[in-house]
Amino acid sequence: MTGTVYKSTGSWYIVKDENGQFVNCRIKGKFRIKGIKSTNPIAVGDKVEFKLEENADEVNGVIHTIQDRKNYIIRKSVNLSKQTHIIASNIDVVFLLVTIDNPVTTTSFIDRFLVTAEAYGIEAILVFNKIDTLSQEALEEQMYLQAVYSSIGYQCLRVSAKEGKGIETLKDLMRNRVSMFSGHSGVGKSTLINTLDANLNLKTAEISEQHQQGQHTTTFAEMFDLNFGAKIIDTPGIRGFGIVDMEPEELGDYFPEFFALKDQCKFNNCLHKEEPKCAVKEALDNDELPWSRYQSYLQILEGDEENYRNDIYKNDDF
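These numbers were taken from a predicted model, which means no experiment stands behind them. Along every chain, residues carry numbers that run from 1 in the direction the sequence is written. With pLDDT at 70 or above as the cut-off, local features in this predicted model cover only qualifying residues; side-chain atom pairs require 80 or more to be listed or tallied, and sums for whole chains, interfaces and linings still use all residues. Side-chain numbers here rest on the full set of heavy atoms in the structure, without hydrogens or water.

Caption draft 1: Highlighting a nonpolar patch on the surface. In this analysis, a patch consists of residues with relative accessible area above 30% that form no salt bridge, clustered at 9 Å for like charges and at 5 Å for the nonpolar side chains Val, Leu, Ile, Met, Phe, Trp and Tyr. Here the accessible surface of atoms and residues is derived via Shrake-Rupley with a 1.4 Å probe, and residues count as covered only by protein chains that are part of the display. Salt bridge, as used here: a side-chain nitrogen of Lys or Arg that lies within 4 Å of a carboxyl oxygen of Asp or Glu. A cluster of nonpolar side chains, contributed by Met1, Leu52 and Val59, occupies part of the molecular surface with about 260 Å² of accessible area. Helix numbering and strand numbering both begin at the N terminus, where a helix is a DSSP run of H or I of at least 4 residues and a strand a DSSP run of E of at least 2. Along the polypeptide, Met1 turns up in the segment before strand S1 (2-8).

Here you go:
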């Protein structure tokens, strides 16, 4: 039998089969996927083949094959740098939820996520959430960030689940597609999904008053069928986003605004650092590119994980 993994708890997998029935499955032995060293051999979104087995109490399945993935989102653990984790697979579009001040989403986090989406060929859209809570200063920051990423070519949405703003536009972008919601804990993923389809009634939690940090509400990644013809993968809050297996020479290719200038650099293998006649550096000096993006680029290029840790929340550990 074949099916799609809707939830993974680490040892058991909930698989929806071809007939729309959900089956609890486990894996037999160890899966080794060529080219990927991951803490989780099977991810939500995977297409799998399994066999049913019956015991006295229930019918379960045993997964024996993972079909080829169209794509996947993978990250390196910030604390366990040698371990990687596949967040989800076979995604049509990923929505990164961004909040300005409750909690803060840093540009370094945004850029690391976007680089990974670019590297694995997944469309990424930024969703500026909780716009109803913004002070004038925070609103100006949000509009500035929206202008920065829109100028690069990323689609940006402004959304308020509480007031219903931007919801219909978001639904239109999700219909007939497999979407993934991601972001820090507390950015409102579960609340937003409940607004999209109230039948789900996902658990939500308030932001910590003392630390302005999110509380974990989603423990495992899980896929849901929404009532307007969309599938959504909800993910646990991500503390940090470590980049996986990316060569220095290719990193700039995943910054679209850098890639657009690449052929104007003197050297084909320009790293946009100290090289002479670098088109990227010239554009930065002329204020034609955002410096925040370049700072993120250097941080990733130089493997500066220590400074990156200072930018992310200590309560998020996924």
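From this point on, the discussion continues.
Caption draft 2: Region of interest: a negative patch on the surface. On the surface, a cluster of negative charge is made up of Asp101, Glu137, Glu140 and Glu141. Relative to the assigned elements, Glu141 resides in helix H2 (residues 136-152). Residues scored as charged are limited to Lys and Arg (positive) and Asp and Glu (negative), so that His and the chain ends carry no count. The atoms used to mark charge sites are NZ of Lys, CZ of Arg, CG of Asp and CD of Glu.

Caption draft 3: Region of interest: the nonpolar core. Grouped together as the largest cluster of nonpolar side chains are 33 residues, with contacts concentrated most on Leu126, Tyr149 and Met180. The set of elements that each furnish at least two residues to this core consists of strand S7 (84-89), strand S8 (93-98), helix H1 (107-119), strand S9 (123-128), H2 and strand S11 (178-182). When checking whether two residues touch, look at their non-hydrogen atoms; a contact exists if any pair is within 4.5 Å. Excluding residues that lie within four positions of it along the chain, Leu126 makes contacts with Leu96, Val98, Ile110, Leu114, Tyr149, Gln155, Cys156 and Leu157. Joining through side-chain atoms within 4.5 Å is the link that ties buried Ala, Val, Leu, Ile, Met, Phe, Trp, Tyr and Cys residues into a set, and such a set is a nonpolar core. Exposure is judged per residue with a 1.4 Å probe applied to protein chains only, and the accessible area is read against the type maximum: over 50% gives exposed, under 20% gives buried, and values in between give partly exposed.

Caption draft 4: The pattern of salt bridges, seen in detail. A full pass over the atoms with the stated rule returns 14 salt bridges. Between Arg175 and Asp172 there is a salt bridge, with its nearest N and O atoms 2.4 Å apart.

Caption draft 5: Layout of helix H4 (residues 189-196). Burial of H4 is extensive: 6 of the 8 residues sit out of reach of the surface. When H4 is considered as a whole, its buried residues turn out to be Lys189, Ser190, Leu192, Ile193, Asn194 and Leu196. On the buried face of H4, the contacting elements are S8, S9, helix H3 (167-174), S11, strand S12 (222-226) and strand S13 (230-234).

Caption draft 6: Summary view of the packing of aromatic side chains. Aromatic contacts are taken between Phe, Tyr and Trp rings whose centres are within 6.5 Å, Trp giving its six-membered ring; a plane angle under 30 degrees counts as stacked, one over 60 as edge-to-face, and the others as tilted. In the structure shown here, the tally under the stated rule is 9 aromatic pairs. Seen in terms of ring centroids, Phe255 and Tyr297 are 5.5 Å apart; in terms of plane orientation they differ by 90 degrees. Their pairing is edge-to-face. Placement of Phe255 in the loop between helix H5 (248-251) and helix H6 (256-259) and of Tyr297 in helix H8 (residues 291-301) is noted, with a sequence separation of 42 residues between them. This pair shows no difference in class: Phe255 is buried, exactly as Tyr297 is. Look at Tyr294 and Tyr297: their rings are 6.1 Å apart centre to centre, the planes differ by 25 degrees, and that puts the pair in the stacked class. In this pair, Tyr294 and Tyr297 both sit in helix H8, 3 residues apart, roughly one turn of the helix.

Caption draft 7: View of the pairing of S1. Counting buried residues in S1 gives 5 out of 7 residues, a clear majority hidden from the surface. Here, strands pair whenever DSSP counts at least two bridges between them. Where S1 and strand S2 (residues 13-17) come together, 5 bridges link them in antiparallel fashion. For Thr4, the partnering residue across the bridge sits in S2 and is Lys16. Hairpin connection between S1 and S2: a loop of 4 residues separates the two successive antiparallel strands, and Gly10 in this loop has a positive phi of roughly 100 degrees.

Caption draft 8: Broad picture of the environment of Glu247. With respect to the helices, strands and loops of the structure, Glu247 is situated in the loop between S13 and H5. Put simply, Glu247 and Leu301 are 54 residues apart on the chain and 8.6 Å apart in space, counted from C-alpha to C-alpha.

Caption draft 9: Geometry of the packing of H1 against H8. Running from amino to carboxyl end, H1 crosses H8 at an angle of 70 degrees, the nearest separation of the two axes being 9 Å. Between H1 and H8, the crossing angle belongs to the class labelled roughly perpendicular. The hand of the H1/H8 crossing is right-handed. Between H1, through Thr107, Ser108, Asp111, Arg112, Leu114 and Val115, and H8, the contact on the second element is made entirely by Ser292, Arg293, Ser296, Gln299 and Ile300. Residue polarity is assigned by list, with Asp, Glu, Lys and Arg as charged and Ala, Val, Leu, Ile, Met, Phe, Trp, Tyr, Cys and Pro as nonpolar; anything else, Gly included, falls into the polar class. Tallied by class, residues from the contact of H1 with H8 come to 3 nonpolar, 5 polar and 3 charged. Between the N-to-C directions of two axes lies an angle of 0 to 180 degrees, each axis being a line fitted to C-alpha atoms and, for a helix, fitted only over the stretch in contact. Here roughly perpendicular refers to angles of 65 to 115 degrees, roughly parallel to angles under 35, roughly antiparallel to angles over 145, and oblique to all remaining angles. By definition, turning the near helix anticlockwise from the far helix through less than a right angle yields a left-handed crossing, and turning it clockwise yields a right-handed one.

Caption draft 10: Structural view of the pairing of S9. Burial of S9 is extensive: 5 of the 6 residues sit out of reach of the surface. Note: S8 against S9, 6 bridges, orientation parallel. By the bridge assignment for S9, Val98 is matched with Phe128. Across 4 bridges, S9 lies against strand S10 (residues 155-158) in parallel orientation. Bridge pairing in S10 links Phe128 to Arg158. Seen with its strands pointing away from the viewer, a crossover is right-handed if its path from the first strand over the helix to the second goes clockwise. For the handedness criterion, the β-α-β arrangement of S9, H2 and S10 is classed as right-handed.

Read these as layout, nothing more, since geometry by itself doesn't imply function.
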